[in-house]
Amino acid sequence: ICYLRMEEDTEFRLRPSSLCFITDHVGFHGTIKSSPCDFVVIEIDEQGQLVNKATDETICMKLSGSGGALLPEPDNFTNTKKTKVGLQNLPFEEGSKQEVDTLAMCSDKDQNRQSGLEKEDIISDGTSKGGEGKADVLGSLLAEKMNDLLNQFACDIKEKWNSKTEIIGPSPEFSLGRILDKDQRAILHSAIRQKFPFLITVGKSNEIVVKPNLEYKELCHLVSEEEAFSFFRYLDVKKENSTFTFKPDTNKEHRKAVHHFVNKKFGNLVETKSFPVRNYSAMDNPNVITVRFRGKVHKHRKRSLSEFQERKVTYTAFTLRKENLEMFEAVGVLAIKLGVIPSDFSYAGLKDKKAITYQSMVVRKVTPERLKNIEKEIEKKRMNVFNIRSADDFLRLGQLKGNHFDIVIRNLRNQKNDSANLRERILEAIENVKVKSVKLFLTPEDLDDPVNRAKKYFLQTEDARGTLSLLPEFRVRERALLESLHRFGMTEDGCVQAWFSFPHSMRVFYVHAYSSRVWNEAVSYRLATYGSRVVEGDLVCLDEDVDENFPNTKVHLVTKEEEAANTYAIHQVVLPVPGHSVQRPGHRVGQWFQDTLTRDGLQMCRFRVPALKLNVPGCYRHILKHPHNLSYQLMEEQHIDGKTEGPHPDGATLSLSISFDLEASCYATVCLREVMKHDFQN
C-alpha cells in the first residue's frame, strides 16, 4: 500500500525522507490499539485454518502427516498408491568394486548447522542398495517428467565437474517442489542420494532441493572417484564396528591430507588411523588409512523398546492466546512453569504486544498432560493454552499462511482542512484500498521516553550495568542482552556470548529484522525509480502459487523484449531478501543492494557465519500483495460527558470495525496507514 521515498545524500547513502502512498484518496484520522481488545491477531496455519478455532482432531491429523490433505502434489508425483519401501538393515560389503548407487553423506558439521532465517534440514541418514532398486523407487514416486529433469540435473553437474568448469555464483540446485507427506519425503531423500552419491538433498519447509555434494568433489581431488564412491557409501550405511580402508599409499604428505580431510569433515562421526601394509618391500613403505565409526557411550547392552521410547524427544503442540504481552516474556513464563528453557519453544512468527493474539507453538520435552496442568496458573499472566496435542516435530519460522486481523479504529475524524462528509471519506478509502499492500517492516520511532533514553545512554557510555538501572523491567529482551554484556564484558567474545543468551528463534528474528529493513528500502527504491511498470532487469516469479521460500529456478530476469511486450505485471515482481543464495535484479536496484550491504560492512557471501551459528540463504518476496476477506462496519459511540475530539456536537463519535487477512510477512499497520493516509504514533 505504501512505500518509503528514498533520497541520496552526499555519501551515496539512501535514506527514508518521507512516506508516500500508491492510492490517491484523502483518508481520515483515527486511533488504533486504544486497548488490546481493539487489535486481535489470529494466525492462519499452512492448511488455511484459523488456529483459535481448529479442533484437536484436525490438528493432530495435520501434524502427524496422515489424511487426504497431505497427499503429494500431482505435478511431482503419480497418483497411484505406493508401497512403502524398506531401507533399513541392508548389508554392506567392504571393498566392493561393483557399481553401487549410494547417497552422499553430509558432514556432522552440516548435520548440526540448522541455522539462519530458515533452518536447512540437510538429510544425511539412510542406507545403501543397488542402483536398479533406487531407480525403481524414484520411478514409482516421481512423475516421469520430474524424474527426467532430475536425471538431467545430475548429468549436468557431472559434466561440469568432469570438464573442470568452475561453477560461478550460487551453487546450482534443483527443486522437486513441496512434498507434504513426511514418509515419502524421507524415502525420496534416501533414494536420490543413493542413486547420485555426488548430490545432497536438502529439506526446506516440505520442499526437497537437490544440490551438488561439494565434499564428494573435494575428496575426488585426493583419492580416486571409486574410493570416494565407496567411502560415502560406507558413511551412509553406518554399520556398527565396520571399517573402511583406502588404497595403499606411499606418500606420507598425501596420507596426511586425507587424514585431515576426513577428520575435518566427519570428525564427530568417524576416526582415522594409518597402518603399514604387509608383504610390501621396506623401501616402498606403503601405509593404508583405515576409517571406523566412533564408539557410542553405554553400548554394552541394547535398549529395550520402552527405553527407546523414553529417550525419544517429546513434542507438544498448542495454541497460545496472550493479551498485552510480548511473546518473549510469554515464552519465559511458560518455560519457568514447565521447567524447560525458552529455546525449547518454537513458533511460526512473532505477534504484536498491545493486542490479543492467537498463534501455534510447539514445545519439546513436555507432554500434553504436563502442559494441561499449568492452564490455570498462567491465566493470571493473561495467557491461555488450548488445542493441546502431541506433535512430531518443532515449528519453523514462516511456517504459516498468514494472519487474520479484527481491528477497531476509534475516534474517527477528518483530515486537517477537510470538510467533506466523514462517512463518505471512510467508505471511499476502504473501497479504494481493496487492492494491494506493500510488505513493510516498521521500525520504532526515536522518542524521548525511558527506553530510548536508556539506549542512548548505553551508546554513549557502553555501561551495561548503568543502562540496566535505567531500562524499564518490561523490556525483557534488551535487559537479557545487557545482563549478558555485564557478565561477559564488552569484548568481541562478550558480544558473541550475549548474542547466544537469546534462543535460536529469537536470534533469527533479529537477523530477519535487518534483512527486512534492507528489503523494504529496496522496494522503496525500486518503486521510486521505475514506478509500477515491469522493466528490463526486474525479477519475476514464474509460479503464481508459491510462498516466499521458492528456489532460484522459479525466478526469471526480465529481458528487454519482455519489457516492450508487457509480458509481466507488477504483482509478479519479486525482490530478494538478502542472503548467500539469492539472485539480485539486473538493473539499478541490484547495484543498490550491493552498495547498501557494503555500507553496512556486509556482502552477499557473508550471510553464512559459523561463529554465530548463522546460515541465511535468503528468499524472495513479492513487492505487492492483496489483502483478502476484507469486511468493515461503522459504529457510533455516545459520549455522555461530551468530551470528544473533532466536529461531533451531539457527543457521538464514529468507530470503524475492520477485518481482513494478510499473508505472512505483511503488516496490518501498513494496510491501515494506506487506508487512512495517517501515520500512527503507537
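Scroll up for the structure.
Since this is a predicted model, take the numbers as computed values, not measurements.

J.: Before we go on, may I ask you to explain the sheet that holds strand S10 (residues 270-276) in this structure?
T.: Strand-to-strand pairing in sheets goes through backbone hydrogen bonds, with the strands running parallel or antiparallel. Ordered by their spatial adjacency, 3 strands build an open sheet running S9-S11-S10, and the pairing between neighbours is antiparallel. Since the sheet does not close on itself, it has two edges, and those belong to strand S9 (243-245) and S10, each with one partner. Across the sheet, the axes of successive neighbouring strands diverge by a mean angle of 25°, strand direction being ignored. In terms of strand pairing, S10 meets strand S11 (residues 287-293) through 7 bridges, oriented antiparallel.

J.: I would appreciate a short explanation of the pairing of strand S19 (residues 573-577) in the present structure.
T.: Side-chain positions along a regular strand alternate between the two faces of the sheet. The buried fraction of S19 is high, at 5 of 5 residues. Across 4 bridges, the pairing between S19 and strand S22 (residues 619-622) is antiparallel. Note on S22: the bridge partner recorded for leucine 575 is arginine 621.

J.: I would appreciate a short explanation of the packing of aromatic side chains in the present structure.
T.: Centre distance and the angle of the planes are the two values used to describe a pair of aromatic rings. For the coordinates displayed, the defined rule picks out 20 aromatic pairs. Ring geometry for phenylalanine 196 and phenylalanine 198: centres 6.1 Å apart, planes at 65°, overall edge-to-face. Given a relative accessible area of 8%, phenylalanine 196 falls into the buried group. Since its relative accessible area comes to 8%, phenylalanine 198 is described here as buried. Ring centres of tryptophan 592 and phenylalanine 593 lie 5.7 Å apart, and the angle between their planes is 80°; on these two criteria the pair is classed as edge-to-face. The ring of phenylalanine 500 carries lysine 613 above its face, with NZ or CZ at 5.7 Å from the centroid. When the ring centre of tryptophan 519 is taken as reference, the NZ or CZ atom of arginine 621 above it lies at 5.8 Å.

J.: Can you help me understand the packing of helix H18 (residues 504-530) against helix H20 (residues 588-599) in this one?
T.: For any two helices packed against each other, the geometry is given by the interaxial angle and the distance between the axes. Orientation of H18 relative to H20, taken along the N-to-C sense of each, is 145°, at an axis distance of 10 Å. The two elements H18 and H20 cross, and the hand of that crossing is right-handed. Within the contact between the two elements, H18 uses Tyr514, Arg517, Val518, Glu521, Ala522, Tyr525, Arg526, Thr529 and Tyr530 and H20 uses Arg588, Val589, Trp592, Phe593, Thr596, Leu597 and Arg599. Classifying every residue of the contact of H18 with H20 by side-chain character gives 9 nonpolar, 2 polar and 5 charged.

Here is what the cut-offs are and how they apply
- Residues numbered from 1 in each chain as written.
- Predicted model: local features only at pLDDT ≥ 70, side-chain atom pairs only at ≥ 80, totals over all residues.
- Heavy atoms only, no water.
- Pairing = 2+ DSSP bridges.
- Helix = DSSP H or I, 4+ residues; strand = E, 2+ residues; numbered from the N terminus.
- Axes fitted to C-alpha atoms, helices over the stretch in contact; angles between N-to-C directions.
- Buried < 20%, exposed > 50% of the residue type's maximum accessible area, 1.4 Å probe, protein only.
- Phe/Tyr/Trp six-rings, centres within 6.5 Å; stacked < 30°, edge-to-face > 60°.
- Lys NZ or Arg CZ within 6 Å of the ring centre and 35° of its normal.
- Left-handed = near helix turned anticlockwise from the far one by under 90°.
- Contact = heavy atoms within 4.5 Å.
- Nonpolar A, V, L, I, M, F, W, Y, C, P; charged D, E, K, R; others polar.

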